[in-house]
Each structure stands twice: as structure tokens, then as C-alpha cells.
Amino acid sequence: MKNLLVIGSINMDLVVKSDQLPKPGETLMGTSMETIPGGKGANQAVAAARLGAGVTMIGAVGNDGYGPLLLEGLKKESINVDYVAVEDNISSGIAIIHVDKAGENSISVVPGSNACLSRDTVKARSEQVGGADVMLVQLEVPLETIEEAISVAKSSNTPVVLDPAPVPTGLFPEFLYNVDVFTPNQSETLALTGIRVVDKASATLAGLVLLDRGAKYVVIKAGDLGAFIVTSGSDAFHIPVFPSSVVDTTAAGDAFSAALALGLAEGKPLVEATRWACAAGSIAVSRAGAQPAMPRREEVDAIVDL
Ligand code: RIB
């Protein structure tokens, strides 16, 4: 069993379904509202565990009503939560998610306790970083914490998969490119490079920009186009999407990143690991919610082998 370390956010998602996503200034009638465990870090931890990894999570919940529920959910997936802090006097991270009838979403995150995950906490966990086969990080916790995590991983030769989501406002720090696999989606790629990825040519252009900034490999999550792998000196390699009926795209990218990281930890070549990741993402979009939608290994294997 491979060991994945996930450093990142843990949120409770407040999910409102409506026929369309609200436009600025518009009031829409929703059709349902649910609270569902989410957070990019926690979603990736759950996906990795269901796909067969031993997972340790470093994060923080609040001492509100959601904190214990979020922790329990992670424990039920056999995720090691010894390094998930319960912070006093602050609420857990919250995401307000709108999902329309086509399964598209828009998300606003209030970090709450995720903002308490400090550089020093990560520094004190260098043993866990060094002992991981792969470390997975995203950007819903303080950037200086991610900077520390990347630097500790580098000094212990632990490969890093970075999901640059959400792209921070302002200048994107250079150290975030200093990772093994950089996995933006189309809108993150557009924000970072100004290039809209719509085909192999545009994926090659955008990928080369990101490689030039320091990433070793770039894997662009391209929604219903599948994914594009860009490595130095060659054109993008396209992995087509696995068809599925879209119910809710929330956390599909998290399923993808977790599968990609685990696939690489298990020694799959990058193309094969990305195919596996596309399959994981396509299962996630066929189900509602974040953590409940994360796929299991046998489901992913079944569609990859078709
Ligand atoms: O990637 C999906 C996740 O983004 C949601 O679960 C939400 O919590 C936000 O972090």
C-alpha cells in the first residue's frame, strides 16, 4: 500500500441546487439545500483512501458543530487524522456551492479554521512529509504553509502533486511551480497563462509556459475534453474523457488529482496514471456532492479496463 500525505482544506459544503447558476444581482429559487463534507484537501484524501492508498491528512477544523462531523467522516474512510487540529474560537471551513441542472457549479469558500494551518505546523511534520510516497497539496490553506510543505518535500525527495486551486488573486508565487506535477483545470490555466485550452495546440502552448516556470510535468484537467499531459520538449498528449452522465461536477478535479498522485506513487507511467485519473473524474461527475462522489478503486479499474 502506498502512503499519500494530503495537506489542505477541510470544508462543510452548503450545496444549493437550482435550474441555473445565479447571475450577479439575480435572486433565484433553489430546489434543494444539503450540507455535504468537502474541501479540496479532504476530498482528495477521501478519494485517495477509496482508491487504495494509506492516507494521512494535515489540516484543521473548527470547534463548531461541523468540526466533529468532518473529522468523523475522514476517520470512517480510514484516513489518519492525528495531525488534523481542532481550532478554538473559529468555525470550520465553509463552501457555498451552487449546482445547476447541467451539473455545473460555482463555489465561494470561507476558509475559517483552514486559515489556521500554519507554516510551523507543517515544519513540525517533516517526518510525515518525508515518509510519504507522494504529497498532495492545493491552495485553500495559507500559501506560506504550502511553501513550507513544498520545501520540506523537496529536501526529503517526496514527490509533490499541486492542484493550483483556487488560483490566488494577485501575483502567483513562483515557488508553487516548483513541483513534480502541476494540475490546473482550464480556468486555472487561463488565469495563469492567458491561454484558453480547447485542443492539443492550445494545451501545448499553455503547458510549455507552466513548464518554463518550473513545473516538472503539467497535466491539464480539461473537463469534457479529458486531460492533456505536457512534458518538456514535446507536444501535449491528449487523454480523452471517459463518457458519463453529468450530475454534479463538484470535486471531479479532486478525484482526478488523487488518482493521478496514487497512480504515480504506484509506479504507473504518467500516461497511464492520467488515464486512471480521467476515469476517477468521470465517475465523480456522475454523482452528487463532493466526498460522497469520490470513486472506489474497483469502479475506476472497471472503466479503465473496458
Ligand atoms: O473541489 C471542490 C471543493 O471545493 C468543494 O468540496 C468545496 O469545499 C471547495 O473546497
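Computed from a predicted model, the values in this text were never measured in an experiment.

**Some details on the sheet that holds strand S8 (residues 134–137)**
Argument step 1. One open sheet accounts for 9 strands, arranged S5-S4-S1-S8-S9-S10-S11-S12-S13; its pairing is mixed. The sheet is open, and its two edges are formed by strand S5 (80–87) and strand S13 (237–239), each paired on a single side.
Argument step 2. Looking at chain direction, strand S10 (residues 181–182) and strand S11 (residues 217–221) are connected through 2 bridges and run parallel. Bridge pairing links Val 181 to Tyr 217 in S11.

**Overview of the environment of Trp 276**
Argument step 1. Here Trp 276 is to be found in helix H9 (residues 270–285).
Argument step 2. Distance in space between the C-alpha atoms of Trp 276 and Gly 263 is 7.3 Å, their sequence separation being 13 residues.
Argument step 3. Not counting residues up to four positions away in its chain, the partners in contact with Trp 276 are Leu 51, Ala 259, Leu 262, Gly 263, Glu 266, Lys 268, Arg 297, Val 300, Asp 301 and Val 304.

**Side note on the site of the ligand**
Argument step 1. Lining the immediate surroundings of the ligand are 14 residues, of which Asp 13, Gly 39, Lys 40, Glu 140 and Asp 254 lie closest.
Argument step 2. Between Glu 140 and the ligand, the recorded distance is 2.7 Å, taken from a side-chain N or O atom to an oxygen atom.
Argument step 3. The side chain of Asp 254 places a nitrogen or oxygen atom 2.7 Å from an oxygen atom of the ligand.
Argument step 4. Considering the ligand on its own, with 280 Å² of exposed area, one finds that the protein chains cover 97% of that surface.

**Side note on the pairing of strand S2 (residues 11–17)**
For a regular strand, side-chain orientation follows a simple rule: the groups alternate between the two sheet faces.
Argument step 1. Counting buried positions along S2 gives 5 out of 7 residues, so the element sits mostly inside the fold.
Argument step 2. Pairing between S2 and strand S6 (residues 93–99): 7 bridges, direction parallel. Bridge pairing in S6 links Val 16 to His 98.

Here is what the cut-offs are and how they apply
Residues numbered from 1 in each chain as written. Predicted model: local features only at pLDDT ≥ 70, side-chain atom pairs only at ≥ 80, totals over all residues. Heavy atoms only, no water. Pairing = 2+ DSSP bridges. Helix = DSSP H or I, 4+ residues; strand = E, 2+ residues; numbered from the N terminus. Contact = heavy atoms within 4.5 Å. Near = heavy atom within 4 Å. Polar contact = N/O pair within 3.5 Å; in protein donor to acceptor, adjacent residues only side chain to side chain. Areas by Shrake-Rupley, 256 points an atom, 1.4 Å probe, with all protein chains shown as cover. Buried < 20%, exposed > 50% of the residue type's maximum accessible area, 1.4 Å probe, protein only.

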